[in-house]
Amino acid sequence: MMLQAVIFDLDGVITDTAHLHFQAWRTVAAETGIHIDEEVNESLKGISRMASLERILRLGGKAKTFNEAQKAALAGRKNARYVQLLGTLGPQSLLPGIAPLLTELKTQQIKIGLASASLNAPRILQALGLTAIFDYCADASRITHSKPDPEIFLAACRGLGVKPQACVGVEDAQAGIDAINACGMLSIGIGSTLREADLRLNSTQELTWRRIAGLMEHTEKATGFRR
Ligand code: BG6
Ligand code: MG
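Residues numbered from 1 in each chain as written. Chains lettered and ligands numbered in written order. Predicted model: local features only at pLDDT ≥ 70, side-chain atom pairs only at ≥ 80, totals over all residues. Heavy atoms only, no water.

Draft legend 1. Molecular detail of the overall build of the protein. A tally of helices and strands in the protein yields nine helices and six strands. Against the 2.2 N^0.38 benchmark of 17 Å for 227 residues, the protein shows a C-alpha radius of gyration of 18 Å, consistent with a compact globule. Across the protein, contacts joining residues at least 24 apart in sequence account for 61% of those joining residues at least 6 apart. When the accessible surface of the protein is totalled, it reaches about 11000 Å², and 52% of it is carbon and sulfur. Considering the protein, the positive charge centre built from 25 side chains and the negative charge centre built from 23 side chains are found 3 Å apart. (Helix = DSSP H or I, 4+ residues; strand = E, 2+ residues; numbered from the N terminus. Rg over C-alpha atoms; globule rule 2.2 N^0.38 Å. Contact = heavy atoms within 4.5 Å. Areas by Shrake-Rupley, 256 points an atom, 1.4 Å probe, with all protein chains shown as cover. Lys, Arg positive; Asp, Glu negative; His and termini not counted. Charge placed at Lys NZ, Arg CZ, Asp CG, Glu CD.)

Draft legend 2. Summary view of the coordination of the magnesium ion (ligand 2). The coordination sphere of the magnesium ion (ligand 2), as far as protein atoms go, consists of D9 (OD), D11 (O) and D172 (OD), spread over 2.0 to 2.2 Å. All donor residues of the magnesium ion (ligand 2) come from one chain, and their arrangement in sequence is D-x1-D-x160-D. Here D9 is found in the loop between β1 (5–8) and α1 (18–31), whereas its partner D172 is found in the loop between β4 (167–171) and α8 (174–182), with 163 residues between them in sequence. A relative accessible area of 6% means that D9 is categorised as buried. Since its relative accessible area comes to 13%, D172 is described here as buried. (Donors = N, O, S within 2.8 Å, 3.2 Å for Na, K, Ca; no water. Buried < 20%, exposed > 50% of the residue type's maximum accessible area, 1.4 Å probe, protein only.)

Draft legend 3. Looking closely at helix α3 (residues 49–59). Listed as buried for α3 are S52, L53, I56 and L57. One side of α3 carries all its buried residues, which in axial view fall inside an arc of 130°. The exposed residues of α3 that point more than 90 degrees off its buried face are R58 and L59. Of the surrounding secondary structure, the elements contacted by the buried residues of α3 are α1 and α4 (68–85). Immediately downstream of α3, the backbone of G61 shows phi near 70°, a positive value. (Arc of directions from axis to C-beta.)

Draft legend 4. Summary view of the domain arrangement of the protein. Split by domain assignment, the protein resolves into domain 1 (5–15 + 94–223) and domain 2 (18–88). Taking only C-alpha atoms, the centre of domain 1 and the centre of domain 2 are 25 Å apart. Contact residues are listed per partner, giving nine residues for domain 1 and eight residues for domain 2. Roughly 780 Å² is buried in total at the junction of domain 1 and domain 2, and carbon and sulfur atoms are behind 57% of that figure. Remark: the boundary between domain 1 and domain 2 carries zero salt bridges. Taken together, the links from domain 1 to domain 2 amount to one residue pair in polar contact (both at pLDDT 80 or more). When the residues that make up the side of domain 1 that touches domain 2 are grouped by side-chain class, the tally is four nonpolar, one polar and four charged. (Domains from an automatic or database assignment. Buried area = accessible area lost by both parts, 1.4 Å probe. Salt bridge = Lys/Arg side-chain N within 4 Å of Asp/Glu carboxyl O. Polar contact = N/O pair within 3.5 Å; in protein donor to acceptor, adjacent residues only side chain to side chain. Nonpolar A, V, L, I, M, F, W, Y, C, P; charged D, E, K, R; others polar.)

Following this line, the structure appears as structure tokens:
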């Protein structure tokens, strides 16, 4: 099958917002008397805002301390701080290799999609100057099953009008790789600890058109019935 689209995760693939999420969560967690470190932050990648809060509270031994309204307020405060920090983001914040890759995908007439769990995705794309280059962005607020469920990647395929078998998905979180694999797309993982990615790269610098096209060609040859 011919490659028709590449569907990207946002945080950690297009731009590195993990440290901003970390700063914002650290502030809010500290208000509740919980200290979080980089390792905790690592485990929040790809996880929705509310699920992240639940995880922090659980790790801090406060899973039952707050009611739903209080949790909503905490998540709201985290987001307000995060949005403030997003003010530092600009076209200079693209991860290495992403700008030339997006240009090349356009030249090759490959569709470009987004499958991010972030409710801030439209705002972030705007800040990065990428709104026009994406053909379709799945709306995280309408997704009922978060990654590793394939729902958001399938929504992106539908929006782009392509079959998952004709797409490659790019992710930096394990939950994201699992989501891509679950819908029969080829998966590319950015990061050293990811399992089960069809192609694993250490950095977005290595994420080139040549590698993506090669993966599509090669994997089809090797495992014709895989998808
Ligand atoms: C994901 C991030 O992309 O978006 C997570 O990896 C984050 O860390 C999630 O929690 C939701 O983001 P937001 O912007 O809706 O709070
Ligand atoms: Mg990510």
